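# Descriptive analysis of the structure
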Amino acid sequence: MAAGSITLGGTLLPAPVSYRRTPQSQGAAHELASGGETWDHLAFKHSWEVTWSLLGAAERGTVRSCWQTVGSAVWNDWDGTVGTVYPARFPLQETPRFLPGTVLYDLSLQLQEV
């Protein structure tokens, strides 16, 4: 995978216009008798939000087919952070833009590592 590119399930996705990766602590909280709280940290997982703007039909089809994957897929982001995700867990946000003679699409995809 080239630097600055992203793949989902082995498919190279178009370059996004917006990209956010957020690390999240996974674990369980427990209330103490004193009223305090303790946290059992298990692992750090990531969530991603990726946005594309003005995609043509072919690029939109690539993103949609990856999102419609049933089961898990490997996500490989722009700097090599890899995670297993369930692409269809969150809705794919699509906004058509009607331009003279064509329709282009803005898409937004959320992914969460499992």
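The sections below set out a description of the structure shown in this document.

### Thoughts on the overall build of the protein
Helices and strands together make up the secondary structure of the protein, namely 1 helix and 8 strands. Walking the protein from its N terminus toward its C terminus, one meets helices and strands in the order β-β-β-β-α-β-β-β-β. Against the 2.2 N^0.38 benchmark of 13 Å for 114 residues, the protein shows a C-alpha radius of gyration of 18 Å, more extended than a compact globule. Principal axes of the C-alpha set define a box for the protein whose edges measure 65 × 30 × 25 Å.

### Thoughts on the sheet that holds strand β5 (residues 73–76)
The strand order across the open sheet formed by 4 strands is β2-β1-β5-β6, and the pairing between neighbours is antiparallel. Bordering the open sheet on either side are β2 (11–12) and β6 (82–85), each of which pairs with just one other strand. Here 4 bridges tie β5 to β6, and the two strands are oriented antiparallel to one another. By the bridge assignment, Trp75 is partnered in β6 with Gly83.

### Considering unusual backbone geometry
One non-glycine residue, Leu54, adopts positive backbone phi at about 55°. Among the residues examined, Leu54 registers a relative accessible area of 41% and is labelled partly exposed.

### A look at helix α1 (residues 57–67)
Among all positions of α1, only Val63, Cys66 and Trp67 are buried. Here the buried residues of α1 occupy an arc of 105° about the axis, which is enough to place them on one side. Set apart from the buried face of α1 by more than 90 degrees, the exposed residues are Ala57 and Ala58. Contacts made by the buried residues of α1 are with β1 (7–8), β2, β4 (37–55) and β8 (102–112).

### Describing the nonpolar core
Within the largest apolar cluster, 18 residues are counted, with the highest numbers of intra-cluster contacts made by Leu8, Leu13, Trp52, Val63, Trp75, Leu107 and Leu109. Residue assignment for this core shows that the elements contributing at least two residues are β4, α1, β5 and β8. Setting aside residues no more than four positions away along its own chain, Trp52 makes contact with Ile6, Leu13, Pro14, Ala15, Pro16, Val17, Val63, Tyr105, Asp106, Leu107 and Leu109.

### Overview of the packing of aromatic side chains
For any pair of aromatic rings, geometry is given as the distance between the ring centres together with the angle between the planes. By the definition in use, this model includes 2 aromatic pairs. Judged by centre distance (6.3 Å) and plane angle (85°), the rings of Tyr19 and Trp78 are edge-to-face. With Tyr19 in strand β3 (residues 18–31) and Trp78 in the loop between β5 and β6, this residue pair connects regions lying 59 residues apart in the sequence. Judged by relative accessible area, Trp78 falls into the partly exposed class, the value being 41%. Taking the centre distance of 5.8 Å and the plane angle of 55° together, the rings of Trp48 and Trp75 count as tilted.

### Quick look at the pairing of β4
Bridging between β3 and β4 involves 14 bridges; their strand directions are antiparallel. If you follow Arg20 over to β4, its bridge partner there is Glu49. In sequence, β3 turns back onto β4 through a hairpin of 5 residues, with Gly35 there showing a positive phi of about 95°. Pairing geometry for β4 and β8, over 7 bridges, is antiparallel. Following the sheet pairing, Leu55 is matched in β8 by Tyr105.

What counts, and where the lines are drawn
- Residues numbered from 1 in each chain as written.
- Predicted model: local features only at pLDDT ≥ 70, side-chain atom pairs only at ≥ 80, totals over all residues.
- Heavy atoms only, no water.
- Helix = DSSP H or I, 4+ residues; strand = E, 2+ residues; numbered from the N terminus.
- Rg over C-alpha atoms; globule rule 2.2 N^0.38 Å.
- Pairing = 2+ DSSP bridges.
- Buried < 20%, exposed > 50% of the residue type's maximum accessible area, 1.4 Å probe, protein only.
- Arc of directions from axis to C-beta.
- Contact = heavy atoms within 4.5 Å.
- Core = buried A, V, L, I, M, F, W, Y, C linked by side-chain atoms within 4.5 Å.
- Phe/Tyr/Trp six-rings, centres within 6.5 Å; stacked < 30°, edge-to-face > 60°.

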